[in-house]
Amino acid sequence: MPQTARLTIGKTEYEFPIVEGTEGERAIDIERLRAQTGLITLDPGYGNTGSCESAITFIDGEQGILRYRGIPIEQFEQHPNFGEVAWLLIFGRLPTEEEYTSFSTDLTEHANIDEAMKHHFEGFPRSAPPMAILSAMINALSCFHPEVFTLEDPDHFQMAAARLISKIRTIAAYAYRRSRGMSYIYPKPGLRYVPNFLHMMFSQPYQEYVCKDAVWDALNLVLILHADHEQNCSTSTVRMVGSSQANLFASCAAGVCALWGPLHGGANVEVLQMLEAIHQGNTTPEEFVRLAKQEDSKARLMGFGHRVYKNFDPRAKVLGRIAERLLAGMGTNDPLLEIARKLEEIALSDSYFIDRKLYPNVDFYSGIILRAIGIPTNMFTVMFAIGRLPGWIAHWWEQNETPGTKIARPRQIYTGNGATDYVPMNVRS
Ligand code: ACO
């Protein structure tokens, strides 16, 4: 395989190095393109642009492969432990028992948020979208933990990472309780990560929520399967913001905002609304698919399609299994699962979806699981953010630790007016 790429512009030929990743992925290194040729590349949506080298997550979209630090995500189905996966992503290998115990202790000890922060929740209207509260409060955390402004050594970083992973649950649960007008429930030190979150969400001062093992396992897996996905929109945002040396909390708050959009993490809400609309008889699976294919329609089959996966999204496969298992374990039946299966069946045998390689993505089944657990729809994207946080932190740190990291600053091709004179207001037509 050639190690350089040649580019001919006019009569001049330029040579650029080809870099290769550990799994054989190849890229033309164009770092010196503009300096040598005066030209830039144009790639709206960055579908062909590698923004960095990263050792965290590997995806092969054609084969439907997703690995965290080399470990295929399917293997976590047998070992569901979100804290362990968070450590793996952030620090690059599975933790020893001692490392894991210390990290878990940090997660437990830092679950509470400053009392003054509680008053911030009161300032939001009850109808406030929880993603807006989440982003604002993660950003506000730095006011209470100013050490995050100078995270120079790994121990300080580990503490800040544990703080954030721990507190995001508390903030999420408080945002939910605020929207319901319920009193806040403090974290309970004896509980592990997932049961503690559900305790803060669902316990009442007079009645404690008891987390069933099936629910614990399912939510653990949902969080794990969302934990990282290399240079997706929100992670790229975290890296972009972090590249200006903005602090970890500010960068992750920006990640929450990017995740909020319906084409990214917000799709899990849209999927559920779509399934509910079909269930309520407002439309049928066949009609919805027909509409999603129509060129002049804005409708899309939500939870289908992916920029990278042109084969099955492996997370959707695992989540489909978890949904079945959880509902069976709880002895319940959810008609939305049947509707989802029906939509999948119709779409996967339709040439529109086959030709465009559109398959179920991570959002297609996650909502059914969250719904079975009792998480309200407006909290779905918040759950995605809790899961994705270790990935954001891992990428922020990787970038921070990479020598020679530059501020991210894409260029553009300007298509506006040529030089134009200012016209005073009183003579403008
Ligand atoms: N339903 C119907 N048609 C679709 C869908 C869909 N879900 N997704 C893509 N298409 C069609 C497009 O209309 C387009 O058709 P055309 O070639 O005839 O114009 C073609 O497939 C390619 O679609 P693009 O939008 O160009 O693909 P892109 O890679 O830019 O978008 C995306 C990927 C945003 C995920 C898209 O598939 C989509 O909107 N899916 C629905 C929303 C969703 O589920 N988002 C969650 C993604 S996973 C995540 O972010 C966590």
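Just so we're clear, the structure is a prediction, and the values are computed from it rather than from any experiment. (Residues numbered from 1 in each chain as written. Predicted model: local features only at pLDDT ≥ 70, side-chain atom pairs only at ≥ 80, totals over all residues. Heavy atoms only, no water.)

1. Examining the packing of aromatic side chains
Using the following cut-off: In summary, the pairing rule links any two rings of Phe, Tyr or Trp, Trp by its six-membered ring, whose centres are within 6.5 Å, and it sorts them by plane angle into stacked for under 30 degrees, edge-to-face for over 60 and tilted for everything else. In this description a helix means any DSSP run of H or I spanning at least four residues, a strand means any run of E spanning at least two, and both kinds are numbered starting from the N terminus. Under the scheme applied here, a residue whose accessible area is under 20% of the maximum for its type counts as buried, over 50% as exposed, and between as partly exposed, the area being computed with a 1.4 Å probe on protein chains only. As a reminder, the over-ring test applies to NZ of lysine and CZ of arginine, requiring each to be within 6 Å of the ring centre and within 35 degrees of the ring normal.
In the structure shown here, the tally under the stated rule is 16 aromatic pairs. On the basis of an interplanar angle of 50 degrees and a centroid distance of 4.7 Å, the ring pair of W87 and F91 is categorised as tilted. Of this pair, W87 and F91 are both found in helix 2 (residues 82-91), four residues apart, which corresponds to roughly one turn of the helix. On the basis of relative accessibility, which here comes to 4%, the residue W87 falls in the buried class. Assessed through its relative accessible area of 24%, F91 is described here as partly exposed. Ring centres of F91 and F157 lie 6.2 Å apart, and the angle between their planes is 75 degrees; on these two criteria the pair is classed as edge-to-face. Pair noted here: F91 is in helix 2 and F157 is in helix 6 (residues 154-180), with a separation of 66 residues, a long-range link. With a relative accessible area of 0%, F157 lands in the buried category. Grouped by ring-pair contacts, the aromatic residues W87, F91, F157, W396 and W397 constitute a single cluster. Positioned above the aromatic ring of F312, the side-chain terminus of K317 is 5.2 Å from the ring centre. Against the face of Y352 rests R356, its NZ or CZ located 3.8 Å from the ring centre.

2. A closer look at unusual backbone geometry
One non-glycine residue, Q245, lies in positive phi territory at about 70 degrees. The residue Q245 is located in the loop between helix 9 (233-242) and helix 10 (248-260) in this model. When its relative accessible area of 72% is taken as the criterion, Q245 is described as exposed. Backbone geometry at K357 places phi at a positive 55 degrees, although glycine is not the residue there. Assessed through its relative accessible area of 42%, K357 is described here as partly exposed.

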